[in-house]
Amino acid sequence: EVSLNRPEQLNAMNRLFWQEFRRVFETLNKDSHFRVVVITAQGKHFTAGLDLAELAGSNDPLGSDSTEDDSSSGQQDRDVGRTAVHLRDHVLEYQSTFTAMENSRVPTIVAVHGACIGGGVDRCCSACV
């Protein structure tokens, strides 16, 4: 059993989640003792999706605009091209977490209760059941 355990934050998916969740499935694939994985969550809701509070306070392109300071004018101009590339990289990194679950040799069951919002739905779609 793999359990989400951030009930006070409604099991919102933060940076640590993205790293650890992918690592769990990479590890499970190497160990032949596991025959099935059941994903559960603590608290009232399964997940509120992305941890927007964490993203809002970061330099993550999903959470805020990327800007560069133009010291000659004192203005900040958006570098749309670089922002798009960074955004794409982050989306691919996040997606690789669910892809690791989807490609796992171990069948995965997601036991949803309460609300399941945003990226939580994507997680469910990557599971077998």
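Higher on the page you've got the structure.
It should be emphasised that the depicted structure is a prediction, and the values quoted were computed from it without experimental measurement.

Thresholds, definitions, all that
- Residues numbered from 1 in each chain as written.
- Predicted model: local features only at pLDDT ≥ 70, side-chain atom pairs only at ≥ 80, totals over all residues.
- Heavy atoms only, no water.
- Helix = DSSP H or I, 4+ residues; strand = E, 2+ residues; numbered from the N terminus.
- Buried < 20%, exposed > 50% of the residue type's maximum accessible area, 1.4 Å probe, protein only.
- Contact = heavy atoms within 4.5 Å.
- Areas by Shrake-Rupley, 256 points an atom, 1.4 Å probe, with all protein chains shown as cover.
- Pairing = 2+ DSSP bridges.
- Axes fitted to C-alpha atoms, helices over the stretch in contact; angles between N-to-C directions.
- Core = buried A, V, L, I, M, F, W, Y, C linked by side-chain atoms within 4.5 Å.

1. Examining the overall build of the chain
Move 1: Of regular secondary structure, the chain possesses four helices and five strands.
Move 2: Traced from its N-terminal end to its C-terminal end, the chain shows the element sequence β-α-β-α-β-β-α-β-α.
Move 3: A burial count over the chain gives 31% of its 129 residues as buried.
Move 4: By sequence separation, contacts in the chain at least 24 residues apart represent 73% of the contacts at least 6 residues apart.
Move 5: If you sum the accessible surface of the chain, you get close to 8000 Å²; carbon and sulfur atoms cover 51% of it.

2. A word on the sheet that holds strand 1 (residues 2-4)
Move 1: Strand order in the open sheet formed by three strands is 1-2-5, and the pairing between neighbours is parallel. Across the chains shown, the open sheet's two edge strands, defined by having one partner strand only, are strand 1 and strand 5 (108-110). Neighbour to neighbour, the strand axes of the sheet diverge by 20° on average, direction disregarded.
Move 2: Sheet analysis places strand 2 (residues 37-41) next to strand 5, joined by three bridges and oriented parallel. By the bridge assignment, Ile39 is partnered in strand 5 with Val110.
Move 3: Sitting on the sheet, helix 1 (residues 15-30) is in contact with strand 1, strand 2 and strand 5, with an inclination near 160° to strand 2.

3. Notes on the environment of Phe98
Move 1: As for its placement among the helices and strands, Phe98 is situated in helix 3 (residues 80-102).
Move 2: Along the backbone, Phe98 and Phe21 are 77 residues apart, and their C-alpha atoms lie at a distance of 8.4 Å.
Move 3: Apart from the residues lying within four places of it in its own chain, the contact partners of Phe98 are Met13, Phe17, Trp18, Gly119, Asp122, Arg123 and Ser126.

4. Concerning the nonpolar core
Move 1: Formed by 20 residues in total, the largest nonpolar core has its most connected members in Phe17, Phe21, Phe25, Val37 and Ile39.
Move 2: Going through the elements one at a time, strand 1, helix 1, strand 2 and helix 3 are the ones with two or more residues in this core.
Move 3: By residue number, the principal contributor to this core is helix 1, which donates five residues.
Move 4: For Ile39, the contacting residues outside a window of four places in its chain are Val2, Phe21, Phe25, Phe46, Met101, Thr108, Ile109, Val110 and Ala111.

Read these as layout, nothing more, since geometry by itself doesn't imply function.
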